[in-house]
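Residue-level structure breakdown
The residues making up each chain are set out below.
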Amino acid sequence: MARDYNFQEIERKWHQKWNELHTYKVTEDEEKKKFYVLNMFPYPSGAGLHVGHPLGYIASDIYARYKRLQGFNVLNPMGYDAYGLPAEQHAIKTGQHPEISTFQNIDHYREQLDKIGFSFDWDREVRTCTPDYYHWTQWAFQKMFGSFFCNKEQKAKPIEALVAHFEKEGTAGWDVACTEEMQFTAEEWNSWDEKKQSDVLMNYRLAFMGETMVNWCPQLGTVLANDEVVNGVSERGGYPVEQKKMRQWCLRVSAYSQRLLDGLDTIQWSDSIKETQKNWIGRSEGTEVEISVADSDIRFTIFTTRADTMFGVTFFVLAPESELVDQVTTAGQRAQVDEYIKYVKSRTERERMIDHTVTGVFSGAYGINPITGDRCPIYIAEYVLAGYGTGAIMAVPAHDSRDYAFARHFGLPVIPLVEGADVSEESYDAKEGIVTNSPVSKDKSVEYDGETLCLNGLSIKEAIRETKRFVSAHNLGRVKVNYRLRDAIFSRQRYWGEPFPVYYRHGIPTMIPEDCLPVKLPEVEKFLPTATGEPPLGNAQMWAWDEVNRKVVDKALIDDSTVFPIELYTMPGFAGSSAYYLRYMDPKNDKALVSEKAASYWQNVDLYVGGSEHATGHLIYSRFWNKFLFDLGISKKEEPFQKLINQGMIQGWSSFVFRVKGTQTYVSYDLLDVQYDDAAKKNRFFYQGTEADPIYTDISTVKNGNQLDVDKFRAWMPEFKEARIVTNEAGHYIISQAIEKMSKSKYNVVNPDDICERYGADTLRLYEMFLGPIEQSKPWDVAGIDGCFRFLKKFWTLYFDKEGNVSCDDSEPTADNMKSLHKLIRKVTADIEAFSYNTSVPAFMVATTELSQQKCRSRKVLEPLAVLIAPFCPHVAEELWEAMGHTTTVCDATWPVFEEKYMVESMVKMPVQFNGKVRFTMTFEASATPDAILEAVIGAPEAARYLEGMEVVKKIVVPGRIVNLVIKPKN
RNA sequence: GCCCUGAUGGUGGAAUGGUAGACACGAGGGACUUAAAAUCCCUUGGCCAUAACGGCUGUACGGGUUCGAGUCCCGUUCUGGGCACCA
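Throughout, residues of each chain are indexed from 1 in the direction in which the sequence is written. Here the convention is simple: chains get letters from A, ligands get numbers from 1, in the order in which they are written. For a predicted model such as this one, the threshold for reporting local features is a pLDDT of at least 70, and the threshold for listing and counting side-chain atom pairs is 80 or more; totals across whole chains, interfaces and linings nevertheless cover every residue. Derived side-chain values reflect all non-hydrogen atoms in the structure, with water molecules and hydrogen atoms excluded from consideration.

A pair of strands is treated as paired once DSSP finds two or more bridges between them. By definition, any uninterrupted DSSP run of H or I lasting at least four residues is a helix, any uninterrupted run of E lasting at least two residues is a strand, and each is numbered from the N terminus. Read across the sheet, 4 strands follow the order β2-β1-β20-β21 without closing on themselves; strand pairing throughout is parallel. Of all the strands in the sheet, just β2 (73–75) and β21 (641–646) have a single pairing partner and so form its edges. Sheet twist, expressed as the mean angle between neighbouring strand axes with direction ignored, is 20°. For helices, the fitted axis covers only the stretch in contact; all axes are lines through C-alpha atoms, and the angles between them, taken along N-to-C directions, range from 0 to 180 degrees.

Put into structure tokens, the structure is as follows:
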């Protein structure tokens, strides 16, 4: 009976077996070392998986399988990030509950994933939208609500400790992360009523309700976090975003700025992601200086990183949103200031980002420079941001380009402070040079305690240090570290998200008792905001949610006869994805997020695989969330993800046909005139003078690379059925192509199911890895897949003879066999460790060819070989493993260990295809001369085998390493 | 503007400072076949040359270090990504 590589049968068989045997089920095992592999869980979209999705899953699956073969207890779970906007919008459109469509999509995803043969432990699956999961999202939120951050210890602590401190000492003597600096005494605190105390505590809680400027997106009807706004428009949908002051739930992520920054040094992430996060956190060390407003007792604080330029200040600027604006504005300037504020408010965030023209207005007031004693005008201008530093700056036009532009526009003086700096055309922003004019003359520097500041002759860096010292010593200000990182806005005005476990008792936000969690998402009839503008949850029959929630309400309101309103906001997308890796450790626990035992065993994720687009979103929030849980003792490691690999995107080939405007005529691309439109920055196409529009056509309608399959095109959509097709002279219709992100709307999606159908999952897995470095984005190109398929067929034949019988035997392997095998072991092991799977694939191909030529039959070679390929092509490996007589699965085999001795024994490396060239590799003393090396190699018995009857026509010696002999038969 | 990546054949991409272009795709040629498919073999960076041997050149560009540079250093030009009136 001939035994072909029948992948369909093999894959079906092993999927079933793995299921029956629970091959991938994992439990805590103290005897074994743990290894935690994790993929960023997918959002189950209606479009299903395309070939880009599995790229990361395959890479991590290879690693997980490899680690398992090395004897580790590997946790490799999968789940779904099930809350999201598309499901909600689908619900609004169709009226179908988002849960229904989400679960359908999940089923479809699961079906597709199962075909590819992953080693996921599906018993641990999580879905963020199920109550038993979001129970712990709500719980964590409540814990954050009940915590504050101690700056000194850099740690979260229970809010009760802070309250106790307030009761005894007020704000004195405790440095705590807060929204704004507050000062009050114990007497004041104790005199306040519950509402006032609650409001004050919001200033300190890690999850708090704050009146903040938020990114409001009218079209989506919700607020957005900073990372959800890209170029001034919403990331989803691309709608305009405006700034609006609203009361929202926030997470005090900024409290953890320094720890988030420091932690980056302890994890193995790519430099680019670390850099992105560093930028996002945006630490800057500077100085705060107190400025008093002339002829008043108003004082304000400015922040600068260039304390050395105090002598060059010629004006001050306040952000338009600053509370000081109102205070300092003089009666004479009031009207102009009001008008300017009105103008600023009318501008959207996007306009402000794109348009950098200089605007501003004089407030009428003057500030006193404490160093020089100069009176400098105070301006109000939108180039100063309220949210950063103190919302007020000192302007040094000579050494800051923005200040320079402003000074030139308003005719303000420019005082250069660096030797040789030419500021006639532009400012000198560089932090290099020798300071001068600081002060210009002795009387230009104010004396404090008998000391005046003089920076002349110092380098800029020295001058900054000296000014900091001076300012601190004489109490004019303080050294201060600022972070760009903002607190995360945590509420959304949507339906399809986690409900907040919060109700309002006499207007005070109050947590629903912990033992009543989870608060379930109520049913609503409509998924849109209510008529009164409340979020969609306002449509719910308030207290008629379900039995559990009635219990919640009963219990929460036990002392009251009134019914209190419950929070109508829901949590944002990142809520459910922030701690899911902990839940996988113990997914069915209904007593805790994760048990002490499971958390202690699994610790944190060793290898995390996902896209780099989450650098400033999920990957920041998750780190924050984990650090908080670490402070609570729940999470056992400060950092959640030890190593991170960012897989690139697989792009699709978009194909275009060209329809002549206003007709049903489609013209071949090569018959068109292409003109570049400068204004629109794109190409325009013309056919006999009439413009033709490019129209997406499905990739399935493309044949021979760039031709349209007219029959398929007509059949694809009804509107093309009667199309008039204009082909070129050869009778072909040429399409135009572009490489773009895979998307349903671009009709360029390649579905992994089709590949599995045609070539099998093993070929798909191998090919996706072969496509190129894992971290790189690359277009999908089916052309190369045949090569991988051919390889697998060839690999298969190593194990079977022509009659289809298993051909391996117990013979002793030759030196060449062992060398080929161990070369492969070394290469594949190193590649997997380094995540450069793409270079392992060729190594397999070479080894297969070599062993095939050597007619290797020894099971001492073929068995380890099957183990080596198991992480990549598990189905083939299992089948071969079984064929060789094993009763256990290949998953329980042992990863072969490379042994140097096999390389030495067979020193002569014989190219498979002998092109008159032999290469010898030996290690020599560094001092060995080329001649000595040559002599040693030619004299070696291994070489003699190849040199017999041959004549050496050329010798190439590379010192220390390689000897090449070009030989030909002696005539 | 600042920060981070990268630049190698027709294509994807290999090369601990040591034969540049592994492996694959594509292309060309051949074998088998009535034919097709499948399979197998050969050639394939460029230029020059040949009956044959061969020679020169070559990793974005310009320098440098080294016995030796795709790799290390300096400068330049582009590609991709991040941040951006952040003081």
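Resuming the write-up.
Let's shift gears to the sheet that holds strand β9 (residues 242–251). Read across the open sheet, the 4 strands follow the order β6-β5-β9-β17; overall the sheet is antiparallel. Single-partner strands in this sheet number two, and they are β6 (222–224) and β17 (488–489).

Before going further, it helps to examine helix α26 (residues 840–853). Helices are assigned an expected span. That span is 1.5 Å times one less than the residue count. Between the first and last C-alpha of α26 there are 20 Å, a value that for 14 residues agrees with the 20 Å anticipated at 1.5 Å per step. Three or more residues of α26 are buried, namely S840, V841, A843, F844, A847, T848, E850 and L851. What makes two residues a contact is simply this: any of their non-hydrogen atoms within 4.5 Å. On its buried face, α26 sits against α23 (761–770), α24 (785–797), α25 (815–834) and α27 (859–869). Exposure classes here rest on a 1.4 Å probe applied to the protein chains alone. A residue is buried below 20% of its type maximum, exposed above 50%, and partly exposed in between.

The next point concerns the pattern of salt bridges. We define a salt bridge as a side-chain nitrogen of Lys or Arg found within 4 Å of a carboxyl oxygen belonging to Asp or Glu. Counted under the stated rule, the structure contains 43 salt bridges. Of the charged contacts in the structure, one is a salt bridge between D892 and R68, with a shortest N-O distance of 3.1 Å. Of this pair, D892 sits in the loop between α28 (874–883) and α29 (901–905) while R68 sits in helix α2 (residues 53–69), and the two are 824 residues apart along the sequence. A salt bridge links R375 to D295, with the shortest nitrogen-to-oxygen separation between them at 3.6 Å. Taken together, the positions of R375 in strand β14 (residues 375–380) and D295 in the loop between β10 (284–293) and β11 (299–304) put the pair 80 residues apart, joining distant regions of the chain. Salt bridges sharing common partners tie together R259, R623, K627, D631, E638 and E639.

Both strand β3 (residues 147–150) and strand β4 (residues 155–158) contribute to a ladder of 4 bridges, which runs antiparallel. From the neighbouring strand, F148 faces β4, where its bridge partner is K157. Remark: 4 residues form the turn of the hairpin made by β3 and β4, two consecutive strands paired antiparallel; Q154 in that turn has positive phi of roughly 55°.

Within the secondary structure, N604 sits in the loop between α19 (596–602) and β20 (605–610). Excluding its chain neighbours within four sequence positions, the residues that come into contact with N604 are K34, Y36, M585, K637, E639, P640 and Q642.

Okay, α27 next. Across the 11 residues that make up α27, a large majority, 9, are buried. Taken together, the buried positions of α27 are V861, L862, E863, P864, L865, A866, V867, L868 and I869. Considering only its buried residues, α27 is in contact with α2, α24, α25, α26 and α28. N or O atoms closer than or at 3.5 Å make up a polar contact, with two conditions inside protein: a donor-capable atom paired with an acceptor-capable one, and, for residues adjacent in sequence, both atoms drawn from side chains. Here α27 starts with a cap whose side-chain oxygen sits 3.1 Å from the backbone nitrogen of K860, and that cap is S858.

The next point concerns the environment of E567. With respect to the helices and strands, E567 occurs in the loop between α16 (547–556) and α17 (573–577). Under the relative-accessibility criterion, E567 is labelled buried at 5%. Separated by 13 residues in sequence, E567 and D554 have C-alpha atoms that sit 16 Å apart. Within the local environment of E567, its side chain forms a polar contact with the backbone nitrogen of Y569, the two atoms lying 3.3 Å apart.

Moving on to the packing of aromatic side chains. Only Phe, Tyr and Trp rings take part, Trp by its six-membered ring, and two of them pair if their centres are within 6.5 Å. Stacked means planes under 30 degrees apart, edge-to-face means over 60, and tilted covers everything else. A complete count under the given rule lists 72 aromatic pairs for this structure. Each ring, one from Y5 and one from F789, has its centre 6.3 Å from the other, and the planes form 45°; the classification is tilted. Placement of Y5 in the segment before α1 (7–21) and of F789 in helix α24 is noted, with a sequence separation of 784 residues between them. Residue classification places Y5 among the buried residues on the basis of a relative accessible area of 10%. In this structure F789 comes out as buried when scored by relative accessible area, which is 14%. An angle of 85° between the planes, with centres 5.9 Å apart, marks the rings of F490 and F500 as edge-to-face. In this pair, F490 sits in the loop between β17 and β18 (502–505) while F500 sits in the loop between β17 and β18, placing the two residues 10 residues apart along the sequence.

Scored from 0 to 100, pLDDT reflects the predictor's confidence in each residue. The predicted model of chain A averages 86 in pLDDT, with 89% of residues at 70 or higher. This stretch, residues 904–929, has a pLDDT under 50; its non-local contacts, to residues over four places away or in other chains, come to 57 contacts. Both scores are available for the predicted complex, with the pTM at 0.89 and the ipTM at 0.90.

We now examine the pairing of strand β5 (residues 207–217). Counting buried residues in β5 gives 8 out of 11 residues, a clear majority hidden from the surface. Bridge count for β5 against β9 is 10 bridges, and the pairing is antiparallel. By the bridge assignment for β9, A207 is matched with L251. In this sheet, β6 lies alongside β5 in antiparallel orientation, the contact comprising 3 bridges. Pairing of W216 across the sheet is with V223, part of β6. With antiparallel pairing between neighbouring strands as the criterion, β5 and β6 make up a hairpin whose turn holds 4 residues, including G221 at a positive phi of roughly 65°.

It is worth spelling out the nonpolar core at this point. Residue types Ala, Val, Leu, Ile, Met, Phe, Trp, Tyr and Cys, when buried and joined through side-chain atoms within 4.5 Å, form a set referred to as a nonpolar core. Counting 189 residues, the largest nonpolar core has W249, L251, F490, W780, Y799 and F872 as the members making the most contacts within it. Ranked by residue count, the leading element in this core is α2, at 9 residues. Judged by nonpolar contacts, the second largest core, of 49 residues, contains A319, V344, A407 and L476.

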